[in-house]
Amino acid sequence: MNAPTGFDVGSIAERVQSEVQRAIQRSIKGVEYISSSGPSLGSTPKDVLISRGTMNLYHYRPMASEVYRVPILIVMATTNRGYILDLVPGQSFIEFMLKRGYDVYMLDWTAPKPEEKSLAMEDYVLDFIPDCVRRVQQDSGETDVSIIGYCFGGVLSLLYASIFNDGPMKNLICFTTPIDFREMKLFRSFSDRRYFDVDKLVDSVGNVPGDMIMTSFDMLRPASRVFSQVQLWDNIWNDEYVKGYRMMDRWGTDTLPLAGEYFRQTVKNLMWDNKLFNDTMTVGGREAKLANIKVPILHAVAEHDHIVPYDAAKHLITKIGSEDKEEVMLKGGHVSLVAGANAIKRLWPKLDTWLSKRST
Amino acid sequence: MADKGNDPAVIWQTMMGEMEKGFNSFGNQLMASPEFSRVMNQASGAAAGAQKQLGELMEKYLLAMNLPSRAQLVGMAERIQSIEGQLSEIKALLQQVHHNSLAPEGGYGTTQRPPRTKQPPPEGERK
């Protein structure tokens, strides 16, 4: 039989040879994969300034000979570990910011303990963030502080900024931050108030287990975990791919439990009543309207975000009271926007350009 | 090289990508329905209830056997952790005192920090 049009016998032989080599490499690397541990993550040198229950405040050691006047406080999402922003040297957002001359602090979370099940939104917004801001001011000797909030860390930062709108926040940066929870359609379906008894759940389990949170994230793309395993096998000969896979997989499966009371409030106030969007949100009896926020704000959203769809995030900039405000939409997903090879080229330089002018 | 459209590896990868998208989209449609929410929440509600009852039963059993419960062990772990935290604070303070005692008169008593004088690079000079 003749080869079909478009096939060249020489190139087919070359391709077969390359596939055989890859198959051999897969076997060797597959054994290596099973017998070795992944790369060490979150290793940028830092000091722990506060460690109080679920809350930790880190200060990263400066890497530049001169730094901008205004320090940065990063507020991590309560469901995830902060090392997503500090993967490995060369792929670390923290390292990038330190090398660009920023003084960086991070409010990171550990799993709340059973006795912390009564932690509420009030604790996060009126205690943890203000406490960290005070400590950053004390440590840096500066009054002004810029805040970066990632995902739900962005929601907490918005609540803080809307309540403490007379300072000391200098700039606010939100990464993929939802405000219109009607548009988080699948999460809304999972927590449909007709069928989801959040009181019963929280009263039964105390803190909501990390496995449950992780499953709900996985369910947004139900086939992806299986297909990612197939892709891993397909690419296991490629060290860079495997390194990237291991970093993301470890982080993705390292989901934190949520304090019970905080989860109950999040479901009722945000998921069911959409209070932040409807301007009816209060925290500890204090009004938290987005229009109260007057500081410069940058909101970075991802074009292919399956966790926070653009419709859930797009009204943030219009509802904010600031005059200096900007939304930037970049290629990528919820995680690849902030971490990984593409973030280095897209989000990080954009943020540096925006923030450097506002950090003196 | 072979035409990319005819390359079996490329065809395989494209097929996998399309299958993943298809399954995800089908799953999302299914999960958006109220029936799915009802069934899922009934199942998870029953599991949570059973977990609570089992926990209470175990607590009673451990008490009868004169063994510590999980809550008591967690409490002890908490106290140990707090002692460890205080020890590391004391260690840090001791190191600081030692460091200060080695510093020259009026010298580098506190950690050296870079000056907060950095200015943004002029437009067009960014890398």
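Residue numbering note: each chain is counted from 1, following its sequence as written. Each chain gets a letter, beginning with A, and each ligand a number, beginning with 1, in the order they are written. Per-residue local features of the predicted model are confined to residues with pLDDT of at least 70, and side-chain atom pairs are confined, for both listing and counting, to 80 or more; whole-chain, interface and lining totals are unaffected and use all residues.

Focus: helix α2 (residues 34–64) of chain B
Right, so step 1: Helix length check: α2(B), at 31 residues, gives a terminal C-alpha distance of 45 Å against a target of 45 Å (1.5 Å per residue), a fit within 8%.
Right, so step 2: Three exposure classes are used. Buried residues have 20 or more other C-beta atoms within 10 Å of their own C-beta, exposed residues have 12 or fewer, and partly exposed residues fall in between, all C-beta atoms being placed from the backbone. Working definition: helices are DSSP H or I runs of at least four residues, strands are E runs of at least two. Numbering for both runs from the N terminus. Counting buried positions over the 31 residues of α2(B) gives three, only a small fraction of the element.
Right, so step 3: Among the residues making up α2(B), those that are buried are B:S37, B:N41 and B:A48.
Right, so step 4: Of the surrounding secondary structure, the elements contacted by the buried residues of α2(B) are α5 (185–190) and α6 (198–205) of chain A.
Right, so step 5: Count one or two residues on from α2(B) and you reach B:N66, which has phi positive near 60°. The span expected for a helix works out to 1.5 Å for each residue beyond the first. Note on contacts: residues are paired as contacts if their backbone-placed C-beta atoms lie within 7 Å.

With respect to the environment of A:V202
Right, so step 1: Among the secondary structure elements, A:V202 is positioned in helix α6.
Right, so step 2: Excluding its chain neighbours within four sequence positions, the residues that come into contact with A:V202 are A:G260, A:F263 and A:R264.

Details of the interface of chain A and chain B
Right, so step 1: Listed by partner, the interface residues are 42 residues for chain A and 37 residues for chain B.
Right, so step 2: Mapped onto the side of chain A that touches chain B, the elements with two or more residues apiece are α1 (9–35), α5, α6, α8 (224–234) and α14 (347–356) of chain A.
Right, so step 3: Gly falls in the polar group here, along with every residue not listed as nonpolar (Ala, Val, Leu, Ile, Met, Phe, Trp, Tyr, Cys, Pro) or charged (Asp, Glu, Lys, Arg). A class-by-class count of the residues in the side of chain A that touches chain B yields 18 nonpolar, eleven polar and 13 charged.

Side note on the domain arrangement of chain B
Right, so step 1: Along its sequence, chain B is carved into domain 1 (32–66) and domain 2 (68–102).
Right, so step 2: Here the limits of each domain have been adopted from an automatic or database domain assignment. The C-alpha-based centres of domain 1 of chain B and domain 2 of chain B are spaced at 36 Å.

Points about the sheet that holds strand β2 (residues 55–60) of chain A
Residues and elements named next belong to chain A.
Right, so step 1: With respect to topology, eight strands assemble into an open sheet ordered β1-β2-β4-β3-β5-β6-β9-β10, the strand pairing being mixed. Each end of this open sheet is capped by a strand with a single partner; those strands are β1 (46–52) and β10 (325–330). Shown here is a sheet whose adjacent strand axes are inclined to one another by a mean of 15°, direction ignored.
Right, so step 2: Should DSSP find at least two bridges between two strands, the strands are regarded as paired. Of the strand pairs in this sheet, strand β3 (residues 72–75) and strand β4 (residues 104–109) are connected by four bridges, and their pairing is parallel. In the sheet register, I74 faces β4, and the bridge partner there is M106. Simply put, an axis is a line fit to the C-alpha atoms, just over the touching stretch for a helix, and the angle between two N-to-C directions goes from 0 to 180 degrees.

Details of the packing of helix α3 (residues 121–140) of chain A against helix α4 (residues 152–163) of chain A
All names here are of chain A.
Right, so step 1: Running from N to C, α3 and α4 cross one another at 85°; their axes reach a closest spacing of 9 Å. Taken together, the axes of α3 and α4 are roughly perpendicular relative to one another. Counting all contacts with α3, which are made through Y124, V125 and I129, the residues of α4 involved are L156, L159, Y160 and I163. Roughly parallel means an angle under 35 degrees; roughly antiparallel, over 145; roughly perpendicular, 65 to 115; everything else is oblique.

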